[in-house]
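These are the residues of each chain, in order.
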Amino acid sequence: MKKVNLEELYEKGIKMHHITNTAYPLRPTSFLKYKITGNNETKELIKKDLENVDSLSLYVHVPFCQSRCKFCEYAVVSGDDYNKKEEYVKALLKEIDMYKEIIGNKKILGFDLGGGTPTQLETEQIRIITEKLHENFNFDSNTEMSIETTPVVAAKDPKKIKDIYDIGYRRISMGIQTINAKLLEAFGREGNNNIYENAIKNIREAGFKKLNIDLMYGFLNQDIEDFKNTLEYTVKLNPEYITLYRNRYKGTKIAQEAEHVTLKKVNDQYKLAHKFLNKQGFIAPYGKNTFSRLKGDYGTSDYLTKRVIEGLPYIGMGLGAQSYGYKYLAYNEGASTKTLQNYFTKIEKGEFPVQDIYPLPQSEAIAKMVSVAFYFAFVDLDCFKKRFNVDFKEYFKDEIDFLLNKDLIEFKDNHMLVKEKGVENVGGVIPMFYSDSSREELMKMDKIF
Ligand SMILES: C[S@@+](CC[C@H](N)C(=O)[O-])C[C@H]1O[C@@H](n2cnc3c(N)ncnc32)[C@H](O)[C@@H]1O
Ligand code: SF4
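Remember, predicted model here, so these are calculated numbers, not experimental data.

Cut-offs applied
Residues numbered from 1 in each chain as written. Chains lettered and ligands numbered in written order. Predicted model: local features only at pLDDT ≥ 70, side-chain atom pairs only at ≥ 80, totals over all residues. Heavy atoms only, no water. Helix = DSSP H or I, 4+ residues; strand = E, 2+ residues; numbered from the N terminus. Contact = heavy atoms within 4.5 Å. Near = heavy atom within 4 Å. Polar contact = N/O pair within 3.5 Å; in protein donor to acceptor, adjacent residues only side chain to side chain. Areas by Shrake-Rupley, 256 points an atom, 1.4 Å probe, with all protein chains shown as cover. Nonpolar A, V, L, I, M, F, W, Y, C, P; charged D, E, K, R; others polar. Domains from an automatic or database assignment. Buried area = accessible area lost by both parts, 1.4 Å probe. Salt bridge = Lys/Arg side-chain N within 4 Å of Asp/Glu carboxyl O. Pairing = 2+ DSSP bridges. Axes fitted to C-alpha atoms, helices over the stretch in contact; angles between N-to-C directions. Buried < 20%, exposed > 50% of the residue type's maximum accessible area, 1.4 Å probe, protein only. Arc of directions from axis to C-beta.

### A look at the environment of Gly 281
Phase 1: The topology assignment puts Gly 281 in the loop between helix H11 (263-279) and strand E8 (290-292).
Phase 2: Considered as a pair, Gly 281 and Asn 52 are 229 residues apart in the sequence and their alpha carbons are 41 Å apart.
Phase 3: What Gly 281 contacts, discounting residues up to four positions off in sequence, is Ser 292 and Arg 293.

Here is the structure:
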């Protein structure tokens, strides 16, 4: 690792706090220098890379939404593409088949059906996708399948929610985001108490005992009272888990608002939420986004938990899905365009529907894993060693000394924990673990996006 001025890097990271978050790399173009092309080359890379692992997770993306919420950053389709669900499922099944031979008998330790809104599909389509995955791959018997819905769908279609439970999903997640009607209207998102309460009734009657509700903060016109009301209301709904998402503005329809949202504002919001939720029995260490009222349960899906703690490789299928192999990163077609056509075209040609694929040097694979670890606000040093065969404290010796000196982190039971001050300045802490080239990229940035 090149010698850099860590103080300058830290200050710059804090300044660019809207992008120095758990999502790595910094920009969609950051890894272009590693990119390889060609269907055979792609297949060979994935095959060779996965020879290094005997277990992994799967993520399947279903991009459909009635309309795109203005704050949303994901690969979502609505409008004309919304009516291409049948074609999409056919293409997805073909993609799943492409991975059959490559993944072979490796253990599947996590699986999320995410979106978009997977419950916008018909029940039969969800069943066919799920069965295909189980036919093709070796799911561990303990792997718990997780699915996402919106409250609107869950409220409207109790039978579908029950069928999803019967198909085998045991964790379900939906977003409320905010109960402020004005904000919802400004974001173009439907929602009210009646919808939320019916959604929960249907989810409980279907049998789900693991329900997560997503809330968002860091919006320009969301004051602290607003946020408090949303938190209080959500606790009363009694989910098992509550996940707080600080809005990431990059690539959204409200990106121009980011520069007016201060670090103090988001820190105050998180602090309030952490105190309130812990008091209400929703527990999380300071800095973690998912709060759980079940003891010993991180609250996230198996897929996400293993990704965050162990850096477990995952294969993403479907529009725009991201894959993180042992040492490669890939984004499927649609990640940039957020439209279906290129994804369909590649599948029709019998090609992997990959938009970009990058074999990664070790420093980038490490930076990717450690950035994501901040989702839980700790790094498990044993998991790190197992994943990369290097000692965390040796590899990041100077950076760790710097962070310890500033009282931003501490070590306990072979974990690096982020202290409260570290959480509040996490945008400065995360870049300490970046590769040389990402550090350079960050130092050269002058605009947020
Ligand atoms: C893929 S969405 C699926 C949930 C479902 N479609 C819904 O809206 O209820 C998962 C969560 O990501 C969060 N999210 C969406 N856009 C985001 C952004 N720009 N930054 C941070 N989190 C975001 C929201 O809280 C959302 O519930
Ligand atoms: S937040 Fe959910 S419903 Fe809204 S556009 Fe994103 S994925 Fe779709």
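Moving on from the model shown.
### Side note on the site of ligand 1
Phase 1: Around ligand 1, the structure places 21 residues, and the nearest of them are Phe 71, Gly 115, Gln 177, Arg 189 and Asp 214.
Phase 2: Gly 116 places a main-chain nitrogen or oxygen 3.1 Å from a nitrogen atom of ligand 1.
Phase 3: Here ligand 1, which alone exposes 560 Å², has 96% of that area covered by the protein.
Phase 4: The set of elements that each furnish at least two residues to the shell around ligand 1 consists of strand E4 (145-149), strand E5 (169-177), strand E6 (210-217) and strand E7 (241-246).
Phase 5: Residues that form the shell around ligand 1 fall into these classes: six nonpolar, nine polar and six charged.

### Notes on the domain arrangement of the chain
Phase 1: Domain assignment breaks the chain into domain 1 (1-26 + 378-449) and domain 2 (34-306).
Phase 2: Taking only C-alpha atoms into account, the centre of domain 1 sits 27 Å from that of domain 2.
Phase 3: Residue-level contacts link 17 residues of domain 1 with 16 residues of domain 2.
Phase 4: Together domain 1 and domain 2 conceal approximately 1,400 Å² of surface at their shared face, both sides included; 58% is due to carbon and sulfur atoms.
Phase 5: One can count two salt bridges joining domain 1 with domain 2.
Phase 6: Salt-bridge contacts for Glu 424 lead to Lys 271; the nearest nitrogen and oxygen are separated by 3.4 Å.
Phase 7: Among the elements that line the side of domain 1 that touches domain 2, the one with the most residues is helix H18 (residues 420-424), at three residues.

### Structural notes on the site of ligand 2
Phase 1: Every residue near ligand 2 is listed here: Cys 65, Ser 67, Arg 68, Cys 69, Phe 71, Cys 72, Val 76, Gly 116, Thr 117, Thr 150 and Arg 189.
Phase 2: When the residues that make up the shell around ligand 2 are grouped by side-chain class, the tally is five nonpolar, four polar and two charged.

### Brief notes about the sheet that holds strand E15 (residues 415-418)
As a general point, the strands of a sheet are linked pairwise by backbone hydrogen bonds and lie either parallel or antiparallel.
Phase 1: Read from one edge of the open sheet, three strands run E13-E15-E14, paired in antiparallel fashion. The sheet is open, and its two borders are formed by strand E13 (378-380) and strand E14 (409-412), each paired with just one other strand. Across this sheet, the average inter-strand angle for adjacent strands is 20°, counted without regard to direction.
Phase 2: Across three bridges, the pairing between E13 and E15 is antiparallel. Bridged to Phe 378 within E15 is Leu 417.

### Quick notes on the pattern of salt bridges
Phase 1: Across all of its chains, the model carries 23 salt bridges by this definition.
Phase 2: Arg 27 is paired through a salt bridge with Glu 441; the nearest N and O atoms lie 3.7 Å apart. Linking Arg 27 in the loop between helix H1 (6-15) and helix H2 (39-50) with Glu 441 in helix H20 (residues 436-444), this pair joins segments that are 414 residues apart in sequence.
Phase 3: Residue classification places Arg 27 among the partly exposed positions, given a relative accessible area of 31%.
Phase 4: Judged by relative accessible area, Glu 441 falls into the buried class, the value being 18%.
Phase 5: A salt bridge links Lys 35 to Asp 356; its shortest N-O distance comes to 2.4 Å. With a gap of 321 residues between them, Lys 35 in the loop between H1 and H2 and Asp 356 in strand E12 (residues 354-359) connect regions that are remote in the sequence.
Phase 6: Using a relative accessible area of 32% as the deciding quantity, one classes Lys 35 as partly exposed.
Phase 7: In this structure Asp 356 comes out as buried when scored by relative accessible area, which is 10%.
Phase 8: Each of the salt bridges in this network shares a partner with another, and the network as a whole consists of Glu 144, Lys 210 and Asp 297.

### Things to note about H20
Phase 1: Every buried residue belonging to H20 is among Ser 438, Arg 439, Glu 441 and Leu 442, and all of these are buried. An end-on view of H20 places all buried positions within 160° of arc, on one side of the element.
Phase 2: Buried residues in H20 make contact with H1, helix H14 (362-373) and helix H17 (397-405).

### Thoughts on the pairing of E5
Phase 1: Summarising burial for E5: eight of the nine residues are buried, a large majority.
Phase 2: One ladder, built from five bridges, connects E4 with E5; its direction is parallel. Bridging across to E5, Thr 149 finds its partner in Met 174.
Phase 3: Note that E5 and E6 share six bridges and pair parallel.

### Some details on helix H15 (residues 381-388)
Phase 1: Among the residues making up H15, those that are buried are Leu 381, Cys 383, Phe 384, Arg 387 and Phe 388. Viewed along the axis of H15, the buried residues span an arc of 155°, placing them on a single side of the element.
Phase 2: If you check the start of H15, you find a side-chain oxygen 2.9 Å away from the backbone N of Asp 382, and it comes from Asp 380.
Phase 3: In the segment just after H15, Asn 389 is the residue with positive phi, at about 60°.

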